[in-house]
Amino acid sequence: MTPLVFRTRMITGTLTLILGLLTLWQSRGLPFGSISNLRPGFFPIIFGSLLTLLSLILLISLFWERFKNKNLEQTPPAKTVTSAESIDNLNAAEAVKAAEEAENDDDTFNLKGVAAMTGVFALFVVLTYLLGYTLASAVCVAAAGFLLGLRRWKILWLGIGTALVTWLVFEKWMGIPLPDGLWF
Amino acid sequence: MSGFEDILAGVASAFSIGNLLICLLGVALGTLVGVLPGLGPVGAISMLLPVTLMMEPTAGLILIAGIYFGGMYGGSTTSILVNIPGEASSVVTCIDGYKLAQKGRAGPALAIAALASFVAGTIGIILLTFLAPTLAGAAIRFGPPEYFAIVLVGLLVLSRMSDTSIVRSYLMISVGVVLSLIGIDQASGTLRLTFNSPHLIDGLDFIPIIMGLYGMSEVLNAMEASYKKPIKADLRLRNLMPTKEDIKRSTPAVMRGGFLGFLMGLIPGPSSIISTYAAYKMEKSLSKRPEEFGKGAIEGVAAPEAANNGASTGTLVPLLSLGVPFSPLPAILLSAFMIHGVTPGPLMMNEHPTLFWAVIASMYIGNVMLLVLNLPLVGMWAKVTHMSVNVLMPLVMMFCIIGAYSVNNNMFDVVVLMVFGVIGYMLRKAKMEPSPLILGIILGPILENTLNQSALMFQGNMLSFFTRPISGTLLAIGLLVTFWPLLRKAQRAIMGRKTA
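Let me sum up the structure you'll find in this document. (Residues numbered from 1 in each chain as written. Chains lettered and ligands numbered in written order. Predicted model: local features only at pLDDT ≥ 70, side-chain atom pairs only at ≥ 80, totals over all residues. Heavy atoms only, no water.)

So, the overall build of chain B
When its secondary structure is counted, chain B shows 22 helices and 2 strands. Taking 500 residues into account, the globule formula puts the C-alpha radius of gyration at 23 Å, and chain B, at 23 Å, falls close to it. Dimensions of chain B, computed from C-alpha atoms along their principal axes, come out at roughly 70 × 70 × 55 Å. Split by element, the accessible area of chain B, about 18000 Å² in all, is 67% carbon and sulfur. (Helix = DSSP H or I, 4+ residues; strand = E, 2+ residues; numbered from the N terminus. Rg over C-alpha atoms; globule rule 2.2 N^0.38 Å. Areas by Shrake-Rupley, 256 points an atom, 1.4 Å probe, with all protein chains shown as cover.)

Points about the interface of chain A and chain B
With 83 residues of chain A at the interface, the matching set in chain B holds 86 residues. Carbon and sulfur atoms supply 76% of the area that chain A and chain B bury against each other, a total of about 7400 Å² over both sides. The tally of links between chain A and chain B comes to 0 salt bridges. Applying the counting criterion to the chain A and chain B interface returns 7 residue pairs in polar contact (both at pLDDT 80 or more). Ranked by the residues each element gives to the side of chain A that touches chain B, the list is headed by helix α1 (residues 3-26) of chain A, at 13 residues. Grouping the amino acids of the side of chain A that touches chain B by side-chain chemistry returns 53 nonpolar, 21 polar and 9 charged. (Contact = heavy atoms within 4.5 Å. Buried area = accessible area lost by both parts, 1.4 Å probe. Salt bridge = Lys/Arg side-chain N within 4 Å of Asp/Glu carboxyl O. Polar contact = N/O pair within 3.5 Å; in protein donor to acceptor, adjacent residues only side chain to side chain. Nonpolar A, V, L, I, M, F, W, Y, C, P; charged D, E, K, R; others polar.)

Some remarks on empty space enclosed by the protein
Residue and element names in this part refer to chain B. Under the definition given, this model contains 5 cavities of 30 Å³ or more. Looking at the second largest cavity, its volume works out to about 70 Å³. At the level of secondary structure, the elements contributing two or more residues to the lining of the second largest cavity comprise α4 (57-82), α14 (316-322), α15 (328-339) and α17 (353-374). Tallied by class, the residues present in the lining of the second largest cavity amount to 11 nonpolar, no polar and no charged. (1 Å grid on protein atoms, 1.4 Å probe; cavity = no way out; pocket = protein on both sides within 12 Å on 5 of 7 lines; lining within 4 Å. Points joined across faces, edges and corners; volume = space filled by probe spheres on them.)

A look at the environment of A:I155
All names here are of chain A. Residue placement: I155 occurs in helix α7 (residues 153-173). With a relative accessible area of 15%, I155 lands in the buried category. In this structure the C-alpha to C-alpha distance between I155 and G132, which are 23 residues apart in sequence, comes to 20 Å. Setting aside residues up to four positions removed in sequence, I155 forms contacts with A142, F146 and L150. (Buried < 20%, exposed > 50% of the residue type's maximum accessible area, 1.4 Å probe, protein only.)

Topic: the nonpolar core
Of all hydrophobic cores here, the largest spans 165 residues; its most connected members are A:F124, B:L316, B:M397 and B:I401. For this core, the element with the highest residue contribution is helix α19 (residues 389-408) of chain B, accounting for 12 residues. When residues of this core are sorted by domain, at least three fall in each of domain 1 (3-81 + 95-103) and domain 2 (111-173) of chain A. What B:I401 contacts, discounting residues up to four positions off in sequence, is A:F121, A:F124, A:Y133, B:V414 and B:L417. Counting 23 residues, the second-largest nonpolar core is a separate cluster that includes B:V82, B:V254, B:I298 and B:A302. (Core = buried A, V, L, I, M, F, W, Y, C linked by side-chain atoms within 4.5 Å. Domains from an automatic or database assignment.)

Remarks on unusual backbone geometry
All names here are of chain B. Unlike most non-glycine residues, F195 shows phi in positive territory, near 55°. Accessibility expressed as a relative area gives 37% for F195, which makes it partly exposed. Positive phi outside glycine occurs at N196, with the angle close to 60°. Following the sequence through the fold, N196 ends up in the loop between β2 (191-192) and α9 (206-222).

As for a nonpolar patch on the surface
Together, B:L463, B:F466, B:L479, B:L480, B:F483, B:W484, B:L486 and B:L487 give the surface a local cluster of nonpolar side chains, amounting to about 820 Å² of exposed area. Residue placement: B:L479 occurs in helix α22 (residues 469-499). (Patch = residues over 30% accessible without salt bridge, like charges linked within 9 Å, V, L, I, M, F, W, Y side chains within 5 Å.)

So, the packing of aromatic side chains
All names here are of chain A. Per the stated rule, a full pass over the model turns up 12 aromatic pairs over all chains. Here the aromatic rings of F42 and F43 are separated by 6.1 Å at their centres, their planes lie at 45°, and the arrangement is tilted. A connected cluster of aromatic rings, assembled from ring pairs, spans F32, F42, F43 and F47. (Phe/Tyr/Trp six-rings, centres within 6.5 Å; stacked < 30°, edge-to-face > 60°.)

Focus: α9(B)
Helical periodicity: at 3.6 residues per turn, an α-helix aligns residues three or four positions apart in one direction. All names here are of chain B. When the terminal C-alpha atoms of α9 are compared, their 24 Å separation across 17 residues agrees well with the 24 Å that a helix rising 1.5 Å per residue should span. The sharpest bend along α9 measures roughly 40° and falls at G212. In terms of residue burial, α9 counts as a mostly covered element, since 16 of its 17 residues are buried. (Expected span 1.5 Å × (residues − 1). Bend = angle between axes of the 7 residues up to and from the residue.)

Side note on the pattern of salt bridges
Residue and element names in this part refer to chain B. A full pass over the atoms with the stated rule returns 10 salt bridges over all chains. Here R105 makes a salt bridge to D246, at a shortest N to O gap of 2.4 Å. One end of the pair, R105, is in the loop between α5 (91-102) and α6 (106-139); the other, D246, is in helix α11 (residues 244-265), and 141 residues separate them in sequence. R105 gets classed as partly exposed once you look at its relative accessible area, which sits at 24%. Of the residues examined, D246 reaches a relative accessible area of 5% and is grouped as buried.

Examining α7(A)
Taking 1.5 Å per residue, 21 residues should reach 30 Å; α7(A) reaches 28 Å between its end C-alpha atoms and fits that length. Along α7(A), the residues classified as buried are A:I155, A:L158, A:G159, A:T162, A:A163, A:T166 and A:F170. Looking at the buried residues of α7(A), the elements they touch are α6 (133-147) of chain A together with α3 (41-52) and α19 of chain B. A:G175, located one to two residues past α7(A), shows a positive phi value of around 75°.

Concerning the packing of helix α2 (residues 17-35) of chain B against α17(B)
Residues and elements named next belong to chain B. Where α2 meets α17, the closest approach of the two axes is 9 Å, and the angle between their N-to-C directions is 55°. By the angle between their directions, the pair α2 and α17 is classed as oblique. The chirality of how α2 crosses α17 is right-handed. Residues L20, C23, L24, V27, A28 and T31 of α2 lie in contact with α17, whose contacting residues are S362, I365, G366, M369, L370, L373 and N374. A breakdown of the residues in the contact of α2 with α17 according to their chemical character gives 9 nonpolar, 4 polar and no charged. (Axes fitted to C-alpha atoms, helices over the stretch in contact; angles between N-to-C directions. Parallel < 35°, antiparallel > 145°, perpendicular 65-115°, else oblique. Left-handed = near helix turned anticlockwise from the far one by under 90°.)

The following block contains the structure:
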């Protein structure tokens, strides 16, 4: 397990633990019922407890693994598929894992990029309320194109083109009412 | 209308000009997303689900089925030309496909991949045509306990197959089920897990969640991914022709792979991935020239491509006959049916016979269209692999936003889309599979309803599940699958003690 996998699993385990606890907290007033008459609280309490328990197991197992292998880089990597021979040694679950590793073998976490793209989304929501969907989409597609490496006139064309096509296809042709915005 | 007349009406509907064009659009879009870097059929179908709402149900479902089958074809093009699988189910094709391309035999490799997909797809659709109605006929007698057992076992088996860790799989399923519980409880009208937010009263719509996990996460991933350049290959029609030797070697591999894939598709789990590995292993062990595998054996392309298409069709059997999806793509297909007011399952053939047979007929038509699209036009698809990701991904992002917004004309769904985009990106980095989460969201309400109904039926005596042959057998399988690793450990410990 690489340090990135360890960290992201820790974050995932913490988030699911919070979700499990919130589920239990929100279900505290719901009637549980009996085995012959299940009430609305039955499933949330069962699955909230399961979620909390499994999150704790995941977090403890991650700490245990870290304790066993202080240097995470030294742990054996997952089995990969690079040759015909490597396939012979895989079981079903390992085959699925190896296929997904092969499809997505990058091992970096672009925190700045994710934060910037989330910012573009937040901007989109605000601009949609103010300027309307079409203009907001032009600005935000251009911004997303910039984050993905597009420069100069290509950004302009992408923004304007997307806004125009969006408006023609979705609002005019399909009749989806896109928000107009407060200023228009 | 009698059964035969229903079939004729369905076939006639599939052959109408409008539906033929929709089918062509679907298979072309499917091939496109299969070829394009990053975006797969799961993301594409979830993006297009809201668009199909504007269509008549038959047309909408034909479009979705077209994308489903097209995606399976397109994945092989990037595997062979770029050595990057368009889909996880095309990983095995890379091994021998790319080696063949390096040897200047990209054309025959692509042709064999397309022919294998066509033959296996056709075998699968024929088997589906006969098997789905038969199974649906038997399933019409199923009650809530049987459905509860099928859904539960489906989730348990899937989790054993989709991740090496049972804890991570069950965790993802639990997250999905908890998310499905948000909103008004259908049985009692009670509000659950809404945190007093008006946005959560109607629950979380699964479309923005799926779009976020599979579409937006790709946009986020594209900011750092590097894309390799494809091998330049002369893909004019005359260069695509496989030799007689290629066809002779591929034919048995295609037949075996197709049948194996179809059978594996009937089992819960990511069968389209597992079947490609199983078919490759089988061909290597049966081959007279096993040493050629990994160095450019044509069977190494034919078998996994056939298995992938066979499995994709096989997974439709439990969906159409029982109404239960066993992997993410059929789960999204199930939601596509449901948003059009059609519930797949035993009653579908009685309630919507024309639609059912029109969708089946469109699969035959789509398969022929795909062969035409992927053989003479393979050069065009190869050019798509050059498409700039920094132009494509902002468009994907905009499409996701519009799709999420149009479900309820609500900006809250756009926020849900982004939140699940970040979650999908993080799960990707954590090497955790999101498909059990999707199945948890879609199957959670079915699990709850059928358990409620079963509890009322049994008046609290849950052991009655085991007195009914089908639910009893299925639950026994579920228990075995869950506790199998523990049983194996115990067996090894006992054996170790004996030898000591």
